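# Analysis of the macromolecular model
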Amino acid sequence: MTTLLRVSDLAVAYGHIEAVKGISFELQAGDITALVGANGAGKSTTLLALSGLLKASRGKVEFEGEDISRLAPNQIVQRGVVQVPEGRAILTTMTVLENLQLGAYSRKDVAGIASSLEEVFALLPRLKDRATQYAGNLSGGEQQMLAIGRALMAKPKLLLLDEPSMGLAPILVQEIFRTLVAINRSGLSVLLVEQNVRQALKIARQGFVIETGRIVLADTGAQLLADPRVEAAYLGG
Ligand code: ATP
């Protein structure tokens, strides 16, 4: 196994309040990794720090052996770490195609962008059917797919997802998780933040449980699913 991302003693504060209190974990290349925990545990804050959108107050983030913790968000995207934001952040008055093209803003390889678009349409065919429609007219599930498609247009090596199943009907939740598995099979590594702990751990090889800014459990997804502590706290056991 090859370590893709190494997070060491990462802390992030909002003013005087430390939301992430010195966490350390590693992601292996080719994996789906889940970071799960309750509302307010620090999952989103962690992702925002990995993307460079929030500054760490201490600690280090290494991607493919390079310290990326002081890089600007666009530089981090160029290294191949791309986030699908919580709440999707779709541009509703632009078309589906325009939203996808925005995802490739930092790329110059015109032919590569065109082939990425074909890959996204193959993976998410409904986006192709709706390419010329305003993104605001898509359903919630389709908007989530568009947010994922837009991130893929940046040609990521590691995709960071913040609660992709949030607010979706169960059938769409299943579809999102199936899509993530397909994306992973195509060769991308995935870091998935979820409150839907059961589904996330089911598809993740490795998982971490975060509580009030600290990682309290780390194991394979299967082991965590079977762990009575996880069961009691997150699976309604
Ligand atoms: P959620 O599922 O609600 O997004 P989370 O696990 O992602 O939960 P965070 O959003 O990272 O949790 O929040 C961690 C802590 O930081 C919480 O106590 C939260 O209230 C606090 N927090 C988050 N954003 C801010 C902010 N902009 N200013 C101050 N405190 C914040």
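The structure we're discussing is the one just above.
Predicted model, so just to flag it, every value in this text is computed and none were measured.

To continue, consider the packing of aromatic side chains. The geometry of two aromatic rings is summed up by the distance between their centres and the angle between their planes. All told, the structure shown has 1 aromatic pair when counted by the stated rule. Residues phenylalanine 25 and phenylalanine 208 carry aromatic rings whose centres are separated by 5.2 Å and whose planes lie at 45 degrees to one another, so their mutual orientation is tilted. Placement of phenylalanine 25 in strand β2 (residues 17–28) and of phenylalanine 208 in strand β9 (residues 206–211) is noted, with a sequence separation of 183 residues between them. By relative accessible area, phenylalanine 208 is classed as buried at 6%.

Taken together, the 4 strands give an open sheet; going across it, the order is β2-β1-β4-β5, and neighbouring strands pair in antiparallel fashion. Edge positions in the open sheet fall to β2 and β5 (66–67), since each of these has one partner strand only. Pairing of strand β4 (residues 58–63) with β5, which is carried by 2 bridges, proceeds in the antiparallel orientation. Pairing of phenylalanine 63 across the sheet is with glutamate 66, part of β5. Contacts between helix α1 (residues 43–50) and the sheet are confined to β1 (3–14), β2 and β4, with β1 contributing the most and set at about 115 degrees to the helix.

Of all 5 residues making up strand β3 (residues 32–36), 5 are buried, and the element is well covered by its neighbours. Of the two faces of β3, the one lined by Ile32, Ala34 and Val36 and the one lined by Thr33 and Leu35 are each fully buried. Pairing geometry for β3 and strand β8 (residues 189–194), over 5 bridges, is parallel. Note that in β8 the partner of leucine 35 across the bridge is valine 193. Pairing of β3 with β9, which is carried by 4 bridges, proceeds in the parallel orientation. Considered in β9, the bridge of threonine 33 is made with glutamine 206.

So, on to the pairing of β9. Burial analysis of β9 places 5 of its 6 residues in the buried class, which makes it a mostly covered element. Bridge count between β9 and strand β10 (residues 214–220): 6 bridges; the pairing is antiparallel. If you follow isoleucine 210 over to β10, its bridge partner there is isoleucine 215. Between β9 and β10, which pair antiparallel and follow one another directly, the connecting turn spans 2 residues, one of which, threonine 212, has a positive phi of 35 degrees.

Attention now moves to the sheet that holds β3. With mixed pairing, 6 strands are arranged side by side in an open sheet as β6-β7-β8-β3-β9-β10. With partners counted over all chains shown, the strands left at the sheet margins are β6 (81–84) and β10, one partner each. Neighbour to neighbour, the strand axes of the sheet diverge by 15 degrees on average, direction disregarded. Packed onto the sheet, helix α6 (residues 140–152) meets β6 and β7 (158–162) and runs at close to 165 degrees relative to β6.

Reading the values: the criteria
- Residues numbered from 1 in each chain as written.
- Predicted model: local features only at pLDDT ≥ 70, side-chain atom pairs only at ≥ 80, totals over all residues.
- Heavy atoms only, no water.
- Phe/Tyr/Trp six-rings, centres within 6.5 Å; stacked < 30°, edge-to-face > 60°.
- Helix = DSSP H or I, 4+ residues; strand = E, 2+ residues; numbered from the N terminus.
- Buried < 20%, exposed > 50% of the residue type's maximum accessible area, 1.4 Å probe, protein only.
- Pairing = 2+ DSSP bridges.
- Contact = heavy atoms within 4.5 Å.
- Axes fitted to C-alpha atoms, helices over the stretch in contact; angles between N-to-C directions.

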